Amino acid sequence: MKSTQTIAAIVIATTAMLSGCASTPSQPYNNGAYDNPASSSAGYGTIESIQVTRNEGHTNGTGAVVGGIVGALVGNQVGSGSGRTAATVAGAVGGAVVGNKVEANRNQGNGQEMYQINVRLQNGETRTVVQDSVYDLRVGNRVRLVDGRVYRY
């Protein structure tokens, strides 16, 4: 009974640790300029190019948690004594890594089309902005850059 409690504690601790390692970006898409966002609060310029991109698959940690639990359960079936404990921990870690990768790959297919817009500002600087739509923006348009978004004017 004591080994079952130990294994359960290890699985919970490993899952909690791996969930803490899983990260999601504070902004799901780079809606701001690649340059310093503080310097891109406002400006005028001309669109040099527009490219369609897809956002990469993001994870929220669910795949890592589920993978860790499954891996720990499978690892617990191997060996006995301290070898079983080591196999459980290794299974939890390996399962979490695989689960996180599976979740990222699954989210990749649902990637939203994004638009990478290169703008040459009046002061000669070039800014790259990624946003979810271009509406009526075209190459050569005069635009205003406000808080990391491009607007035609």
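Chains are numbered independently. Their residues run from 1 in the order of the written sequence. This being a predicted model, a pLDDT of at least 70 is required before a residue's local features are given, and a value of 80 or more before pairs of side-chain atoms are given or counted; all residues contribute to the totals for chains, interfaces and linings. To obtain the side-chain values, all non-hydrogen atoms of the structure were included, while hydrogens and water were left out.

If you check an unreviewed UniProt entry, the protein appears there as Glycine zipper 2TM domain-containing protein from Massilia genomosp. 1. UniProt positions are given in the numbering used here, feature names are shortened, and annotations may be inferred rather than shown by experiment. Its UniProt record, at the heading Subcellular location (unreviewed entry), says of the protein: "Membrane".

Visitor: Outline the environment of Glu48, listing residues and values.
Guide: Only runs of H or I of at least four residues qualify as helices and only runs of E of at least two qualify as strands under DSSP, and these elements are numbered from the N terminus. With respect to the element layout, Glu48 can be found in strand 1 (residues 42–54). When accessible area is computed with a 1.4 Å probe and restricted to protein chains, residues below 20% of their type maximum are described as buried, those above 50% as exposed, and intermediate ones as partly exposed. With relative accessibility at 39%, the residue Glu48 sits in the partly exposed group. Separated by 78 residues in sequence, Glu48 and Thr126 place their C-alpha atoms 9.0 Å apart.

Visitor: Which residues make up the pattern of salt bridges, and what are the values?
Guide: When a carboxyl oxygen of Asp or Glu is within 4 Å of a side-chain nitrogen of Lys or Arg, the pair counts as a salt bridge. Going through the model one piece at a time under the given rule, you end up with four salt bridges. With a closest N to O distance of 2.6 Å, Glu125 and Arg127 form a salt bridge. Residue classification places Glu125 among the partly exposed positions, given a relative accessible area of 35%. For Arg127, a relative accessible area of 4% corresponds to the buried category. Notably, a salt bridge pairs Asp136 with Arg152, separated by 3.6 Å at the nearest N-O pair. Of the two residues, Asp136 sits in the loop between strand 3 (126–131) and strand 4 (142–146) while Arg152 sits in strand 5 (residues 149–152), which places them 16 residues apart along the sequence.

Visitor: Outline a nonpolar patch on the surface, supporting the account with residue identities and numerical values.
Guide: To count toward a patch, a residue needs a relative accessible area over 30% and no salt bridge; like charges are then connected within 9 Å, while nonpolar side chains (Val, Leu, Ile, Met, Phe, Trp, Tyr) are connected within 5 Å. For the accessible areas, the method is Shrake-Rupley and the probe is 1.4 Å, while residue cover comes only from the protein chains on display. Together, Val66, Val70 and Val74 make up an exposed nonpolar region whose accessible area comes to about 260 Å². Among the structural elements, Val66 can be located in helix 2 (residues 62–75). Among the residues examined, Val66 registers a relative accessible area of 47% and is labelled partly exposed.

Visitor: Please provide a residue-by-residue account of the environment of Gln51, values included.
Guide: Tracing the backbone through its elements, the reader meets Gln51 in strand 1. Taking the C-alpha atoms as reference points, Gln51 and Gln116, 65 residues apart in sequence, are found 5.1 Å from one another. Here a residue-residue contact requires only that any non-hydrogen atoms of the pair lie within 4.5 Å. Residues within four places of Gln51 in sequence aside, it is in contact with Met114, Tyr115 and Gln116.

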